[in-house]
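Observations on chain architecture
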Amino acid sequence: MVYTIPFIILMLLCTIVVATNNNSMRLKFSSILVFGDSTVDTGNNNYILTVAKGNHLPYGRDFPGHVPTGRFSNGKLVPDLLASVLKLKDTVPPFLDPNLSKEDLLTGVNFASAASGFDDLTTVLSGAISVSKQIEYFKVYVAKLKSIARENEAKRILRDALVIISAGTNDFIFNFYDIPTRKLEFNISKYQDYLQNRLQNFLKELYDLGCRKFAVTGLPPIGCIPIQITANFVMDRKCVEDENSDSELYNRKLEKRLLQIQAMLPGSRVVYTDVYDPLMNLINQPEKYGFKETNRGCCGTDLFELVPLCNAITPTCDDASKFVFWDSVHPTEAAYQYFTKHIEVEVLPKFQFHMDNIFFK
């Protein structure tokens, strides 16, 4: 039988589609490694001296077993949900957990810390683990990994790990908007550049330690976070447009910067992860996605309750799945499920089908 060129091309395209539908991207990641702030902290702050703790009810109300774990939500976070999507594990444990198993270390752990940021000044009052300190814990992890696996296997695990980095919001809230310390030193554009310079250095350190696949989260619409709305509007609750505009500018810069960073790190894949648009989708069209309340949290009066003020005696809403926010800052598990689906569809394929790694090179 004679095959024409168009037929061969068609068969090739069908093969690619079948591979996509079979979720072959799951084969690309050996483990999941997480850095950042409370949006991705799965419990590291339980083990340090800080007021920023989520290891008490009603946090964890809808987590398996209905137990507070240190996650700042009613249930699982994006790293947990992604780990399930990738068939790695059901949850991503915090690195500071003293009871980590070898399997935990082999399939990935979490270094994030609530109230953290790229700017070391962000953690001065909270006592959280700054991103620069998280890299020090990561070095300890690498040494442990090499002691469990052979040197070459440890290198493979690091090379094929999905590295998630989610930070920056606290830097602006703590240092620029609500406590304007950095305004004495920077305008908003220069402070954005300062943070992204620190992010670049952080990525380079991770790269030098063997990581190659990075998903870097941009800023959410900070002006739509309930506590920021409360701080700016007493009665007419609406998003703070100036803060949202700042977030958009930061994200545009970040997209360009990540491409530049990738070019400087041979063999790396550095992917921008948008959370701004997905969150705005939920805020602007809540009914479309099954939500009802978008500018208040489920916990307490839903205006300013956060960490110690969201506690076991604080009343909560009946159905958190109808709320975008759990407390005055952090999304619900239902919102995180929506973000995870966005990442699965829009971000993960960018690792699988990177043009440098397939035969159309």
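Residues numbered from 1 in each chain as written. Predicted model: local features only at pLDDT ≥ 70, side-chain atom pairs only at ≥ 80, totals over all residues. Heavy atoms only, no water.

1. A closer look at the overall build of the protein chain
How we decide: Secondary structure elements follow DSSP: runs of H or I no shorter than four residues count as helices, runs of E no shorter than two count as strands, and numbering proceeds from the N terminus. Residue contacts follow a heavy-atom distance rule, with two residues in contact if any of their heavy atoms lie within 4.5 Å.
Counting secondary structure elements, the protein chain contains twelve helices and six strands. When contacts within the protein chain are restricted to residue pairs at least 6 apart in sequence, long-range pairs at least 24 apart make up 70% of them.

2. Re the environment of Tyr-191
In plain terms, the rule: Exposure is judged per residue with a 1.4 Å probe applied to protein chains only, and the accessible area is read against the type maximum: over 50% gives exposed, under 20% gives buried, and values in between give partly exposed.
Assignment of secondary structure puts Tyr-191 in helix α7 (residues 188–208). On the accessibility criterion, Tyr-191 (0% relative accessible area) is buried. Note: C-alpha distance between Tyr-191 and Asn-175 (16 residues apart in sequence) is 9.8 Å. Once residues within four sequence positions are removed from consideration, Tyr-191 is found in contact with Asp-119, Asp-171, Phe-172, Asn-175, Phe-176, Arg-182 and Phe-186.

3. Brief notes about unusual backbone geometry
In this structure, Pro-58 follows Leu-57 across a cis peptide bond, with omega equal to 10 degrees. Residue placement: Pro-58 occurs in the loop between β1 (32–36) and α2 (78–85). Look at Lys-87: it is not a glycine, yet its phi comes out positive at around 60 degrees. Examined against the element boundaries, Lys-87 turns out to sit in the loop between α2 and α3 (102–107). The class of Lys-87 is exposed, set by a relative accessible area of 62%.

4. As for the state of the cysteines
What makes a disulfide is a covalent bond joining the sulfur atoms belonging to two cysteines. Test applied: Sulfur atoms of two cysteines make up a disulfide when they are within 2.5 Å.
The tally for this structure, following the rule as stated, stands at three disulfides. The partner cysteine of Cys-298 in its disulfide is Cys-317, sulfur to sulfur 2.0 Å. One quick way to see it: the torsion about the S-S bond of Cys-298 and Cys-317 is about -100 degrees, and its sign makes the bridge left-handed. With Cys-298 in the loop between β5 (293–297) and β6 (323–325) and Cys-317 in the loop between β5 and β6, the pair connects residues that are 19 residues apart, well separated along the chain. A relative accessible area of 12% means that Cys-317 is categorised as buried. At a sulfur-sulfur separation of 2.2 Å, the disulfide partner of Cys-299 is Cys-310. Here the S-S torsion is close to 115 degrees, and the disulfide linking Cys-299 with Cys-310 is therefore right-handed. With a gap of eleven residues between them, Cys-299 in the loop between β5 and β6 and Cys-310 in the loop between β5 and β6 connect regions that are remote in the sequence. Both residues of the pair, Cys-299 and Cys-310, belong to the buried class. Sequential numbering of the bridged cysteines in the protein chain gives the disulfide pattern 1-2, 3-6, 4-5.

5. With respect to a negative patch on the surface
Which entries qualify depends on this criterion: The patches reported here contain residues having more than 30% relative accessible area and no salt bridge. Joining distances are 9 Å for like charges and 5 Å for nonpolar side chains (Val, Leu, Ile, Met, Phe, Trp, Tyr). To be clear on the numbers: accessible area is Shrake-Rupley with a 1.4 Å probe, and residue cover counts the displayed protein chains and nothing else. Basic side-chain nitrogens of Lys or Arg form a salt bridge, by our definition, when they fall within 4 Å of a carboxyl oxygen of Asp or Glu. When charges are counted, neither His nor the chain ends are considered; positive counts come from Lys and Arg and negative counts from Asp and Glu. In this description, the location of a charge corresponds to atom NZ of lysine, CZ of arginine, CG of aspartate or CD of glutamate.
The grouping of Glu-241, Asp-242, Glu-248 and Asp-277 at the surface amounts to a negative patch. Ranked by residue count, the leading element in the negative patch is helix α9 (residues 241–264), at three residues. For Glu-248, the position within the fold is in helix α9.

6. Quick word on the confidence of the model for the protein chain
To keep things clear, this is the line we draw: Note on scores: pLDDT gives the predictor's confidence for each residue, bounded by 0 and 100.
Chain-level pLDDT for the protein chain is 90 on average; 88% of the residues reach the 70-or-more range. Per-residue pLDDT stays below 50 along residues 1–27; that stretch engages in 14 contacts with residues further than four places along the chain or on separate chains. In the predicted structure, residues 355–361 sits below a pLDDT of 50 and forms five contacts with residues beyond four places in sequence or in another chain.

7. Describing the sheet that holds β1
Rules: What makes two strands pair is DSSP finding at least two bridges between them. With axes taken as lines fitted to C-alpha atoms, and helix axes fitted only over the stretch in contact, angles between N-to-C directions fall between 0 and 180 degrees.
One open sheet holds the four strands; their spatial order is β1-β2-β3-β4, and the pairing between them is parallel. Every other strand in the sheet has two partners, leaving β1 and β4 (269–273) as the edge strands with one partner each. With direction set aside, neighbouring strand axes in the sheet form an average angle of 20 degrees. Direction of pairing for β1 relative to strand β2 (residues 162–166): parallel, over a ladder of five bridges. Following the sheet pairing, Ile-32 is matched in β2 by Leu-162.

8. A few points about the packing of helix α6 (residues 169–177) against α7
Selection criterion: What sets the label is the angle itself: under 35 degrees gives roughly parallel, over 145 gives roughly antiparallel, 65 to 115 gives roughly perpendicular, and the rest give oblique. Note: crossing handedness is left-handed where the near helix turns anticlockwise from the far helix by less than a right angle, and right-handed where it turns clockwise. In this classification, the charged set is Asp, Glu, Lys and Arg, the nonpolar set is Ala, Val, Leu, Ile, Met, Phe, Trp, Tyr, Cys and Pro, and all remaining amino acids, among them Gly, are polar.
At a minimum axis separation of 12 Å, α6 and α7 run at an interaxial angle of 140 degrees. What the angle tells us is that α6 and α7 run oblique. Like other packed secondary-structure pairs, α6 and α7 cross with a definite hand, here right-handed. Along its contact with α6, which presents Asp-171, Phe-172, Asn-175, Phe-176 and Tyr-177, the element α7 presents Ile-188, Tyr-191, Gln-192 and Leu-195. Looking at the contact of α6 with α7, its residues break down into six nonpolar, two polar and one charged.

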